[in-house]
Amino acid sequence: MARAENKETASPTAQMVAEVARTMRVKRKLTQEQLGAEIGYSAAAVSAMETCAQPASDDMLAALERVLGDSTGIFEAARKYIRMEKYPDEFKNYVPLEQTAVRIELYAMDFVHGLFQTAAYARALIGGGYPPLPDARVEELVEARLARKALFERDPVALIELVLEESVLTRVFGDKQTMQEQMRYLAECARRRNVTLQVLPLDSGPGGEYAGGHGSLNVLETPDHQHLAYLEVQEESWLLSDPAKVSRYAQRCAKIRAQALGPRKSLDLIERLAGDQQ
């Protein structure tokens, strides 16, 4: 949402984009209305972008690159930095590592991992948090979260292994339709050749075999084969590189996977919850 106060708090990248877009628009002798017609936005939206009342969205940047970029790639390059500036401070150091990782092991015990969330699910989760966030900030965070899905289409692809607590699949965020769409999206992701998705069942604890009680966990392998662990709780985060600590977390991930349902049974459960199986 365009707000006057956004002009005072706009990031350096948003200010740069605004200035470059305005300069290139004027150079091409286009009005804001004419540029808006070419990129699929209103004149008011172009004005809001140029004054930083509403910084350019990811889609607008792609359109600006197509219309004003002149093969420079400047607006395409800005997309990465605009995305980064939208993430919470505690998450900014992790995202570039996630996007370049060759392998990612994930365990989520509270809600669907952010890489696997639909827009509606993410909006309900982020918008329902405390303290309440302005609608514009909720949309920024949703957009930034969805942008991380570029990892799924990257070449070469990353190997991604996700274990979800069964309770995550039944904890409702949004409404019934939101959850059904989320379950169908999880099933779609589970069918990707580079993704292994498993569910840790509710009955894994009574026999004394439950390695998931210490909280959600990310372990990743970088292109130069360094192993890192990322932990997050109550808006605080830790990025760990100490080999002994990371090894312990990697072993815990392995134990959690061993205690989870196999990929086929996990997919069957998700499809039943989506209503796609009887």
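This text goes with the structure placed above it.
First things first, this report covers the structure right here in the doc. From a predicted model like this one, the values you see are computed outputs, not experimental measurements. (Residues numbered from 1 in each chain as written. Predicted model: local features only at pLDDT ≥ 70, side-chain atom pairs only at ≥ 80, totals over all residues. Heavy atoms only, no water.)

The next point concerns helix 13 (residues 243–259). Taking 1.5 Å of rise per residue, the 17 residues of helix 13 would be expected to cover 24 Å, and the 24 Å separating its terminal C-alpha atoms lies within 8% of that figure. Those residues of helix 13 not exposed but buried are V246, Y249, C253, I256, R257 and Q259. Around the axis of helix 13, the buried residues are gathered within 165° of arc, so they sit on the same side. Away from the buried face of helix 13 by more than 90 degrees, exposed residues P243, A244, Q251 and A258 are located. (Helix = DSSP H or I, 4+ residues; strand = E, 2+ residues; numbered from the N terminus. Expected span 1.5 Å × (residues − 1). Buried < 20%, exposed > 50% of the residue type's maximum accessible area, 1.4 Å probe, protein only. Arc of directions from axis to C-beta.)

Another point: the packing of helix 8 (residues 119–127) against helix 9 (residues 135–147). Interaxial distance between helix 8 and helix 9 falls to 9 Å at its minimum, and their mutual angle equals 135°. Classed by the angle they form, the pair helix 8 and helix 9 counts as oblique. Along this stretch, helix 8 crosses helix 9, giving a crossing that reads as right-handed. The residues of helix 9 that touch helix 8, namely those facing A119, A122, R123, L125, I126 and G127, are V138, E139, L141, V142, R145 and L146. Its residues assigned to classes, the contact of helix 8 with helix 9 comprises 8 nonpolar, 1 polar and 3 charged. (Axes fitted to C-alpha atoms, helices over the stretch in contact; angles between N-to-C directions. Parallel < 35°, antiparallel > 145°, perpendicular 65-115°, else oblique. Left-handed = near helix turned anticlockwise from the far one by under 90°. Contact = heavy atoms within 4.5 Å. Nonpolar A, V, L, I, M, F, W, Y, C, P; charged D, E, K, R; others polar.)

Attention shifts here to the pairing of strand 1 (residues 103–108). Most of strand 1 sits inside the fold, with 5 of its 6 residues counted as buried. Across 6 bridges, the pairing between strand 1 and strand 2 (residues 159–165) is parallel. Within the sheet, the bridge partner assigned to Y107 lies in strand 2 and is V163. Here 5 bridges tie strand 1 to strand 4 (residues 217–221), and the two strands are oriented antiparallel to one another. Residue pairing in the sheet places E105 in a bridge with V219 of strand 4. (Pairing = 2+ DSSP bridges.)

Moving on to the packing of aromatic side chains. This structure, assessed with the given rule, holds 3 aromatic pairs. Taken together, a centroid distance of 4.3 Å and an interplanar angle of 25° make the contact between Y94 and Y230 stacked. Of the two residues, Y94 sits in helix 7 (residues 94–100) while Y230 sits in strand 5 (residues 227–233), which places them 136 residues apart along the sequence. Comparing Y94 with Y230 shows no difference in burial state: the two are buried. Centroid distance F116 to F152: 5.3 Å. Interplanar angle 75°. Geometry classified as edge-to-face. Of this pair, F116 sits in the loop between strand 1 and helix 8 while F152 sits in helix 10 (residues 150–153), placing them 36 residues apart in sequence. Pair check on accessibility: F116 and F152 agree, each one buried. Directly above the aromatic system of Y249 lies the positively charged group of R248, at a separation of 5.2 Å from the ring centroid. (Phe/Tyr/Trp six-rings, centres within 6.5 Å; stacked < 30°, edge-to-face > 60°. Lys NZ or Arg CZ within 6 Å of the ring centre and 35° of its normal.)

Before going further, it helps to spend a moment on the state of the cysteines. Counted according to the given criterion, the structure contains 0 disulfides. With no disulfide of its own, C253 lies 19 Å from the sulfur of C189, the closest cysteine sulfur. On the basis of relative accessibility, which here comes to 3%, the residue C253 falls in the buried class. (Disulfide = S-S within 2.5 Å.)

Moving on, we get to the sheet that holds strand 2. Across the sheet, which stays open at both edges, the 6 strands sit in the order 3-2-1-4-5-6 with mixed pairing between neighbours. This sheet does not close on itself; its edge strands, each paired only once, are strand 3 (195–200) and strand 6 (236–240). For this sheet, the mean inter-axis angle between neighbouring strands, taken without regard to orientation, is 10°. Summarising the sheet, strand 2 and strand 3 pair through 6 bridges and their orientation is parallel.

Before going further, it helps to examine the packing of helix 3 (residues 32–39) against helix 5 (residues 58–68). Across the interface, helix 3 lies against helix 5 with an axial gap of 9 Å and an inter-helix angle of 105°. Comparing their axes, helix 5 and helix 3 come out roughly perpendicular. Together, L35, E38 and I39 of helix 3 and M60, A63, L64, R66, V67 and L68 of helix 5 make up the contact between the two elements. Taken together, the residues of the contact of helix 3 with helix 5 break down into 7 nonpolar, no polar and 2 charged.

Honestly, that's just the spatial picture; any functional story needs more than this.
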